[in-house]
Amino acid sequence: GAVVSQHPSRVICKSGTSVKIECRSLDFQATTMFWYRQFPKQSLMLMATSNEGSKATYEQGVEKDKFLINHASLTLSTLTVTSAHPEDSSFYICSAREVGTSTEAFFGQGTRLTVV
Amino acid sequence: DAKTTQPPSMDCAEGRAANLPCNHSTISGNEYVYWYRQIHSQGPQYIIHGLKNNETNEMASLIITEDRKSSTLILPHATLRDTAVYYCIVRVRGSNYKLTFGKGTLLTVNP
């Protein structure tokens, strides 16, 4: 299947700083990418839908000014957690769907963010 | 998207078949049943999907009841590496690709 890569896989940052997470589709082009968040022992929760060349669509309750999403190309979407706080510590996962096909979305391996 | 109900956990012996049930009694005619799994600290992995016919691929089989109100994912010969949380998701295919994850079933394969 298609490969979606996230970087970094783990990151530790100090409170108040910003962290950028990259999501890349390695062998296909993706018009749409999705960002999820998963707290310990909980299920994945969709945060936002990222569309190439346009503004992201955020789910209810997700602060768009805190979680900045950029989808500048068909192979890259980034999520920036701004002014991170310990409560933002979580597992962030992206998924991507290939342009022009009916195949399912593929998931990245996730990024473990710890804010200290 | 229709709601699904899964048991929170199941155990299976290595080498035996693992049968994971899912209830989706409010499923509508154009909704598909999808299964994903998530191994600890990894992103979800697509397994299989179906509409009304039974489906089989290299990973698993999907059995959907005739009334489509429930389904069963079958891993024919479970291995220790199949230990994961399995999610059953119902949605209209092609409408969009965002997925609503429930709590899933934690399958533990024991040696």
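Provided above is the structure to which this section pertains.
What this report covers is the structure whose coordinates are included nearby.

Reading the values: rules and limits
- Residue positions are given per chain, counting from 1 as you read along its sequence in written order.
- Written order decides the labels, with chains lettered from A and ligands numbered from 1.
- pLDDT decides what is reported in this predicted model: residues at 70 or higher carry local features, side-chain atom pairs at 80 or more are listed and counted, and totals for whole chains, interfaces and linings draw on all residues regardless.
- Hydrogens are left out, water is left out, and the side-chain values use all remaining heavy atoms of the structure.
- Criterion for a disulfide: a pair of cysteine sulfur atoms at a distance within 2.5 Å.
- A helix here means a DSSP run of H or I that spans at least four residues, while a strand means a run of E at least two residues long, and both kinds are numbered starting from the N terminus.
- Any residue under 20% of the maximum accessible area for its type is buried, any over 50% is exposed, and the rest in between are partly exposed; the area is computed with a 1.4 Å probe on protein chains only.
- Pairing between two strands is assigned when DSSP locates at least 2 bridges connecting them.
- Residues count as neighbours in contact if any of their non-hydrogen atoms are within 4.5 Å of one another.
- Salt bridges are identified by distance alone: a Lys or Arg side-chain nitrogen within 4 Å of an Asp or Glu carboxyl oxygen.
- Between N or O atoms, a polar contact is any pair within 3.5 Å; within protein, one atom must be a potential hydrogen donor and the other a potential acceptor, and residues adjacent in sequence are included only when both atoms are from side chains.

Residue and element names in this part refer to chain A. Following the criterion strictly, the structure yields two disulfides over all chains and no others. Two residues share a disulfide in this structure: Cys-23 and Cys-94, whose sulfurs sit 2.0 Å from each other. Here Cys-23 and Cys-94 share a disulfide; its torsion about the S-S bond, 80°, makes the bridge right-handed. Of the two residues, Cys-23 sits in strand β3 (residues 19-25) while Cys-94 sits in strand β9 (residues 90-98), which places them 71 residues apart along the sequence.

Moving on to the pairing of strand β3 (residues 31-38) of chain B. Residue and element names in this part refer to chain B. In terms of burial, β3 is a largely internal element, seven of the eight residues being buried. Pairing of β3 with strand β8 (residues 84-92) involves eight bridges; the strand directions are antiparallel. Note on β8: the bridge partner recorded for Glu-31 is Val-92. Judged from the five bridges that link them, β3 and strand β4 (residues 45-50) form a sheet pairing that is antiparallel. Considered in β4, the bridge of Arg-37 is made with Gln-45.

Moving on, we get to the interface of chain A and chain B. Counting residues at the interface gives 20 residues for chain A and 18 residues for chain B. Remark: the boundary between chain A and chain B carries zero salt bridges. At the junction of chain A and chain B, the tally comes to three residue pairs in polar contact (both at pLDDT 80 or more). Mapped by element, the contributors of at least two residues to the side of chain A that touches chain B are β4 (30-38), β5 (45-51) and β9 of chain A.

Quick look at the pattern of salt bridges now. All chains considered together, the criterion is met by three salt bridges over all chains. Between A:Arg24 and A:Glu22 there is a salt bridge; the shortest N-O distance is 3.4 Å. With a relative accessible area of 34%, A:Arg24 lands in the partly exposed category. A salt bridge links B:Asp82 to B:Arg37; its shortest N-O distance comes to 2.8 Å. Placement of the pair is B:Asp82 in the loop between β7 (70-75) and β8 and B:Arg37 in strand β3, with a sequence separation of 45 residues. B:Arg37 matches B:Asp82 in its accessibility class, with the two residues each being buried.

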